[in-house]
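Working through the structure, step by step
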Amino acid sequence: MLYDADCPLCTHIRDWLTKRPQLVPLEFVPAGSPAARTRFPGLDHGSTLAEITVVGDGGQVYRGAAAWIVTLWALRDHRRLAHRLSTPSGMRFAKGAVLAAAKWRGVTAPAVGRAYGVADGWTYDPRDGWHHTPPGCGSDACAAP
């Protein structure tokens with residue numbers, strides 16, 4: 001599981017998950033880190049900071065609600081919940097929970113003004129979501145022609 005090591009909510013959830021009995025071992029790698037880039041070279045590492053991402057042992061990539069469901073499925077005490085959330089109505093609930101967590105994260109994350117800054121150029125504004133400006137680019141300096 002890739003998680004934002006600079007996000008208090010993300011590290012809290014990582015800590016909570018490590019204490020749960022696991023049927024499938026979970027490994028936690030800071031998103032966007034050199035370790036993540038080395039371990040998963042084909043992954044869009046910028047997006048892993050914007051959305052929860054889980055990489056399965058077979059290389060499967062799960063994002064958003066599907067990532068939460070597969071993570072719960074790995075836990076002994078939450079596998080039944082994961083099966084319920086994998087239904088169409090359960091998936092709607094899981095997506096709502098992920099969106100609520102993202103909103104809470106955006107409001108409580110270390111911020112300049114109301115935007116969450118990350119070293120690789122991602123910022124979160126609670127009014128309109130995530131934005132990416134590659135490092136070294138200001139305003140429209142790196143915009144595509």
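Provided above is the structure to which this section pertains.
Right, let's walk through the structure included here. Keep in mind that what you see is a predicted model, and the values were worked out from it rather than measured.

Conventions we followed
- Residues numbered from 1 in each chain as written.
- Predicted model: local features only at pLDDT ≥ 70, side-chain atom pairs only at ≥ 80, totals over all residues.
- Heavy atoms only, no water.
- Helix = DSSP H or I, 4+ residues; strand = E, 2+ residues; numbered from the N terminus.
- Buried < 20%, exposed > 50% of the residue type's maximum accessible area, 1.4 Å probe, protein only.
- Contact = heavy atoms within 4.5 Å.
- Areas by Shrake-Rupley, 256 points an atom, 1.4 Å probe, with all protein chains shown as cover.
- Salt bridge = Lys/Arg side-chain N within 4 Å of Asp/Glu carboxyl O.
- Core = buried A, V, L, I, M, F, W, Y, C linked by side-chain atoms within 4.5 Å.
- Phe/Tyr/Trp six-rings, centres within 6.5 Å; stacked < 30°, edge-to-face > 60°.
- Lys NZ or Arg CZ within 6 Å of the ring centre and 35° of its normal.
- Polar contact = N/O pair within 3.5 Å; in protein donor to acceptor, adjacent residues only side chain to side chain.

**Observations regarding the overall build of the protein**
Within the protein, the regular secondary structure consists of six helices and eight strands. Across the protein, helices and strands are ordered from the amino to the carboxyl terminus as β-α-β-α-α-β-β-α-α-α-β-β-β-β. By the burial criterion, 37% of the 145 residues in the protein qualify as buried. Long-range pairs, those at least 24 residues apart, make up 44% of the contacts in the protein with a sequence separation of at least 6. Carbon and sulfur atoms form 59% of the exposed surface of the protein, whose accessible area is close to 8700 Å².

**Some remarks on the pattern of salt bridges**
In a structure, side chains of opposite charge can pair up when their charged atoms sit close to one another. Per the stated rule, a full pass over the model turns up three salt bridges. Between Asp15 and Arg14 there is a salt bridge, with the nearest N and O atoms lying 2.7 Å from each other. Among the residues examined, Asp15 registers a relative accessible area of 32% and is labelled partly exposed. Taking the relative accessible area as the measure of exposure, Arg14 reaches 21% and is therefore partly exposed. Here Arg39 and Glu27 are joined by a salt bridge, their closest N and O atoms 2.9 Å apart. Remark: Glu27 occurs in the loop between α1 (8-18) and β2 (29-30) and Arg39 occurs in helix α2 (residues 34-39); sequence separation between them is twelve residues. For Arg39, a relative accessible area of 43% gives the class partly exposed. For Glu27, a relative accessible area of 46% translates into the label partly exposed.

**Description of the nonpolar core**
Core analysis: the biggest nonpolar cluster contains 21 residues, and Met1, Leu17, Leu26 and Phe28 have the highest contact counts within it. Those elements giving two or more residues to this core turn out to be α1, α4 (64-74), α5 (79-85) and α6 (88-108). Once you skip the residues sitting within four places of it in the chain, Phe28 turns out to touch Met1, Tyr3, Arg14, Leu17 and Thr18. Within the second largest apolar cluster, eight residues are counted, among which are Leu2, Val29, Ala31 and Leu49.

**Brief notes about the packing of aromatic side chains**
The geometry of an aromatic ring pair is captured by the separation of the ring centres together with the interplanar angle, meaning the angle of the planes. Taken as a whole and judged by the stated rule, the model has zero aromatic pairs. Its guanidinium or amino end placed over the ring of Trp73, Arg79 lies 3.7 Å from that ring's centre, counting from NZ or CZ.

**A closer look at the environment of Ser47**
Along the polypeptide, Ser47 turns up in helix α3 (residues 45-50). Measuring from C-alpha to C-alpha, the distance between Ser47 and Gly32 comes to 8.9 Å, with 15 residues separating the pair along the chain. Polar side-chain contacts of Ser47 include one of 3.1 Å to the side chain of Arg63.

**Thoughts on the side chain of Thr48**
Its location among the elements puts Thr48 in helix α3. For Thr48, a relative accessible area of 3% gives the class buried. One polar contact links the side chain of Thr48 to the main-chain carbonyl oxygen of His45, over a distance of 2.6 Å. In contact with Thr48, not counting residues within four places along its chain, are Leu2, Ala31, Gly32, Leu43, Thr53 and Arg63.

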